[in-house]
Amino acid sequence: MVIDPVPVLKKIGHAIRSMEEPAVEKIAEETHDDPFRVLIATLLSAQTKDAVTAEASARLFKVAHTPKTMAALPVSRIEKLIYPVSFYRNKARHAKQACRQILDDFGGVVPDTMDELLTLAGVGRKTANLVLILSHASKSNICVDTHVHRISNRLGWVTTRTPDETEHALYKVVPKRWWPDVNLYLVTWGQNVCKPVYPRCRACVVSSLCPRRGVTKESRA
Ligand code: SF4
């Protein structure tokens with residue numbers, strides 16, 4: 001049986017108001033939803049702590065915040081600016097290559113369709129979905145990262161093995177009105193309460209609605 005996501009989303013949406021926003025959302029707000037900076041910050045954020053993503057993005061954007069200026073930087077300079085994000089060498093290479101593609105294939109403008117975004121170096125569905133939601137105001141996408149994948153399974157909304165499977169399963173169980181909110185709500189929840197290891201179930205406002213699937217150890221806090 002699938003647990004109804006709506007009451008859970010309502011409670012989490014209320015609870016996260018007092019919590020810090022994820023790094024990429026903050027960057028989107030600070031840059032008036034600039035698709036280029038949202039794209040690059042999301043690339044940098046993969047498997048990286050938010051504080052590190054925020055600092056690396058700030059250093060990089062201070063030097064270059066357009067596809068043209070970033071494409072002109074040597075990869076080694078980008079590496080130095082974004083270190084210590086995880087996989088900084090690959091990410092620097094992808095960032096430069098994606099800038100080149102945006103200039104050569106899209107007239108210097110970050111594309112606004114899933115198919116076109118997926119042609120950019122280093123861009124998978126998570127990054128493409130977040131750019132579409134935050135910068136192109138899409139109401140038709142759900143962005144699934146590791147937090148959304150893990151928590152959707154713990155909550156019993158889906159039974160899936162990968163974030164891509166989770167994305168497709170969530171379209172079937174979450175009413176469309178909530179699609180753009182799923183990422184912000186569950187990423188914030190994952191960073192503060194439903195952590196990967198030792199989730200804080202005792203302090204969780206949705207504990208009565210959660211079957212805690214796959215949770216074997218909880219935080220005592
Ligand atoms: S009850 Fe525990 S497993 Fe369920 S959402 Fe809350 S913190 Fe996560």
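Residues numbered from 1 in each chain as written. Predicted model: local features only at pLDDT ≥ 70, side-chain atom pairs only at ≥ 80, totals over all residues. Heavy atoms only, no water.

Here the focus is the domain arrangement of the protein chain. Size of an interface, as often reported, equals the accessible area lost when the parts are brought together. Here the protein chain is partitioned into domain 1 (5-20 + 141-209) and domain 2 (34-135). Taking only C-alpha atoms, the centre of domain 1 and the centre of domain 2 are 25 Å apart. Listed per partner, the contact involves twelve residues of domain 1 and eight residues of domain 2. For the pairing of domain 1 and domain 2, the buried interface totals around 760 Å² over both sides, and the portion due to carbon and sulfur atoms is 56%. On the domain 1 side of the contact with domain 2, Asn-141, Cys-143 and Glu-167 bury the most area, a combined 51% of that side's loss. Taken together, the links from domain 1 to domain 2 amount to one salt bridge. (Domains from an automatic or database assignment. Contact = heavy atoms within 4.5 Å. Buried area = accessible area lost by both parts, 1.4 Å probe. Salt bridge = Lys/Arg side-chain N within 4 Å of Asp/Glu carboxyl O.)

Looking at the ligand, the residues that line it are Arg-154, Cys-194, Pro-199, Cys-201, Cys-204, Val-206, Ser-207, Cys-210, Arg-212 and Val-215. Class assignment of the residues belonging to the shell around the ligand gives a composition of seven nonpolar, one polar and two charged. (Near = heavy atom within 4 Å. Nonpolar A, V, L, I, M, F, W, Y, C, P; charged D, E, K, R; others polar.)

To continue, consider the side chain of Asn-153. With respect to the helices and strands, Asn-153 occurs in helix H10 (residues 146-154). Engagement of the side chain of Asn-153 in a polar contact is seen with the backbone oxygen of His-149, the distance being 2.9 Å. Those residues in contact with Asn-153, other than ones at most four positions away along the chain, are Val-158, Thr-159, Thr-160, Thr-166 and Arg-213. (Helix = DSSP H or I, 4+ residues; strand = E, 2+ residues; numbered from the N terminus. Polar contact = N/O pair within 3.5 Å; in protein donor to acceptor, adjacent residues only side chain to side chain.)

For the rest of this paragraph, the subject is the nonpolar core. Core analysis: the largest hydrophobic core is formed by 39 residues, its most contacted members being Ile-40, Leu-60, Met-70, Ile-82, Leu-117 and Leu-120. Take this core: its biggest share by element is seven residues, from helix H3 (residues 35-45). If we ignore the near neighbours within four places in the chain, the residues touching Leu-60 are Ile-40, Leu-44, Met-70, Leu-73, Ile-78, Leu-81 and Ile-82. Core analysis: the next-biggest nonpolar cluster, separate from the first, contains 27 residues, Val-144, Trp-157, Cys-194 and Cys-204 among them. (Core = buried A, V, L, I, M, F, W, Y, C linked by side-chain atoms within 4.5 Å. Buried < 20%, exposed > 50% of the residue type's maximum accessible area, 1.4 Å probe, protein only.)

With respect to the helices, strands and loops of the structure, Leu-118 is situated in the loop between helix H8 (114-117) and helix H9 (125-135). Residue class for Leu-118 comes out partly exposed when judged on its relative accessible area of 34%. Sequence spacing of Leu-118 and Asn-129 is eleven residues, and the spatial spacing of their C-alpha atoms is 9.9 Å. Once you skip the residues sitting within four places of it in the chain, Leu-118 turns out to touch Val-123, Gly-124, Arg-125 and Ala-128.

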